[in-house]
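# Overview (structure and organization)
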Amino acid sequence: MRAVKLAPSILTADFGRLADEVRAAEAGGADILHLDVMDGRFVPNITFGHVLVEALRKVCSLPFDIHLMTVEPERQVEYYAEAADTINVHIEVSPHINRTLDAIRKLGKRAGVCINPGTPVGAIEESLGDVDQVMVMTINPGWGGQQMIERQLDKVAEIRRRLDAGGYRAEIEIDGGVKVGNAARCAAAGADVLVCGSSVFNPQSTPAENLAALRAALRA
C-alpha cells in the first residue's frame, strides 16, 4: 500500500490559540497543513483569508495546502501564492479550469482540482494531466466535523484508475470525515493524502496522539 500523508485541517482547531495548535500538529508528525478558505458564497460558511495564512507561515514549516472554496478562485490565487505550496480550486466554479491551473503553476505552486460529492468524475477528465493533485470531497463542503459520505470512495477508486491508466502523476487527496475507523479504506481506495480535521484537533486527545492513532489505523 502507498505511503499516505496526513494533512490536519485547522477548521476545527481552537482559533483562540491557533499558533499553538498548528505547532502541536507539526511536532506531532503532520505531513501537511490544510487551510480551508471559505467565502460565504460558494459555501455558506466564512473562515479566513490570506492574512491569517501568511501569519501561520511564520510559525509553521509544513507544506501549506490551500483549499479555495470561493467563487472566482482565479482572482484569489495570487494572494495565497507566497505562503502556499499547493493551491486547490473547485471545478464547480471554474469554467476555464485549465487556465486557472496554469496560472497557479506559473506562480510556482502545485495546482489541484477539487470535486464535490454531486459532481461526476467526467467533469475533471480533461484536467487530469494538468494537475498535481485531485481533491475528492467526501462531505458537502462548508463545515468541519461532518460524517464521511463513504460511497465517494468509489469515486476515489475511479480517479485512481484513470490517473494510472493515463500515466498521470497527480496525487489524490480525500477531504471530509476522515477518522481512525475509515482511514484504511481511504488508502485502499487510492488516496495519497488524507485531510483530517476533527480527528486531529479535538478536546479528547492531543494532535500528536490523534495523528499516531491515524497512522496506526493506516498500518493495520
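Here is a short report on the structure shown in this document. Just so it is clear, the model here is predicted, and its values are computed rather than measured.

A few words on the state of the cysteines. Working definition of a disulfide: a covalent bond connecting the sulfur atoms of two cysteines. Under the criterion given, the structure shown has 0 disulfides. Here Cys60 is not cross-linked by a disulfide; its sulfur's nearest cysteine counterpart is in Cys196, at 13 Å. Judged by its relative accessible area of 4%, Cys60 falls in the buried class. With no disulfide partner, Cys196 has as its closest neighbouring cysteine sulfur the one in Cys186, 10 Å distant.

Turning to the side chain of Glu21, a few remarks are in order. As for its placement among the helices and strands, Glu21 is situated in helix H1 (residues 18–27). Judged by its relative accessible area of 10%, Glu21 is buried. Within the structure, the side chain of Glu21 is placed 2.9 Å from the backbone nitrogen of Asp14, a separation counted as a polar contact. The residues touching Glu21, leaving out its near neighbours within four places in the chain, are Ala13, Asp14 and Phe201.

Hydrogen bonds between backbone groups are what pair the strands of a sheet, and the pairing can be parallel or antiparallel. As summarised here, the arrangement of the 8 strands in space is S1-S8-S7-S6-S5-S4-S3-S2, forming an open sheet in which the pairing is parallel. This sheet does not close on itself; its edge strands, each paired only once, are strand S1 (5–8) and strand S2 (33–38). Mean inter-strand twist for the sheet, computed between neighbouring axes without regard to direction, equals 25 degrees. Alignment of strand S6 (residues 133–137) against strand S7 (residues 171–175), held across 5 bridges, turns out to be parallel.

This part takes up the environment of Lys109. Mapped onto the secondary structure, Lys109 falls in the loop between helix H4 (97–106) and strand S5 (110–115). Taking the relative accessible area as the measure of exposure, Lys109 reaches 18% and is therefore buried. In this structure the C-alpha to C-alpha distance between Lys109 and Val59, which are 50 residues apart in sequence, comes to 20 Å. Once you skip the residues sitting within four places of it in the chain, Lys109 turns out to touch Ala81, Glu82, Ala84, Asp85, Ile87, Ile104 and Asp132. Polar side-chain contacts of Lys109 include one of 2.9 Å to the backbone oxygen of Ala81. A polar atom in the side chain of Lys109 sits 3.0 Å from the backbone oxygen of Ala84.

A separate point is the packing of aromatic side chains. The geometry of an aromatic ring pair is captured by the separation of the ring centres together with the interplanar angle, meaning the angle of the planes. Within this structure, the stated rule accounts for 1 aromatic pair. Ring centres of Phe15 and Phe48 lie 6.2 Å apart, and the angle between their planes is 35 degrees; this geometry places the pair in the tilted category. Of the two residues, Phe15 is situated in the loop between S1 and H1 and Phe48 in the loop between S2 and helix H2 (50–57); the sequence distance between them amounts to 33 residues. The side chain of Arg57 reaches across the aromatic face of Phe64, ending 3.7 Å from its centre.

Now for unusual backbone geometry. Only a minority of non-glycine residues have a phi that is not negative, and only a minority of peptide bonds are not trans. Positive phi is not limited to glycine here, since Glu72 has a value of about 50 degrees. Along the chain, Glu72 turns up in the loop between strand S3 (64–69) and helix H3 (77–80).

Reading the values: rules and limits
- Residues numbered from 1 in each chain as written.
- Predicted model: local features only at pLDDT ≥ 70, side-chain atom pairs only at ≥ 80, totals over all residues.
- Heavy atoms only, no water.
- Disulfide = S-S within 2.5 Å.
- Buried < 20%, exposed > 50% of the residue type's maximum accessible area, 1.4 Å probe, protein only.
- Helix = DSSP H or I, 4+ residues; strand = E, 2+ residues; numbered from the N terminus.
- Polar contact = N/O pair within 3.5 Å; in protein donor to acceptor, adjacent residues only side chain to side chain.
- Contact = heavy atoms within 4.5 Å.
- Pairing = 2+ DSSP bridges.
- Axes fitted to C-alpha atoms, helices over the stretch in contact; angles between N-to-C directions.
- Phe/Tyr/Trp six-rings, centres within 6.5 Å; stacked < 30°, edge-to-face > 60°.
- Lys NZ or Arg CZ within 6 Å of the ring centre and 35° of its normal.

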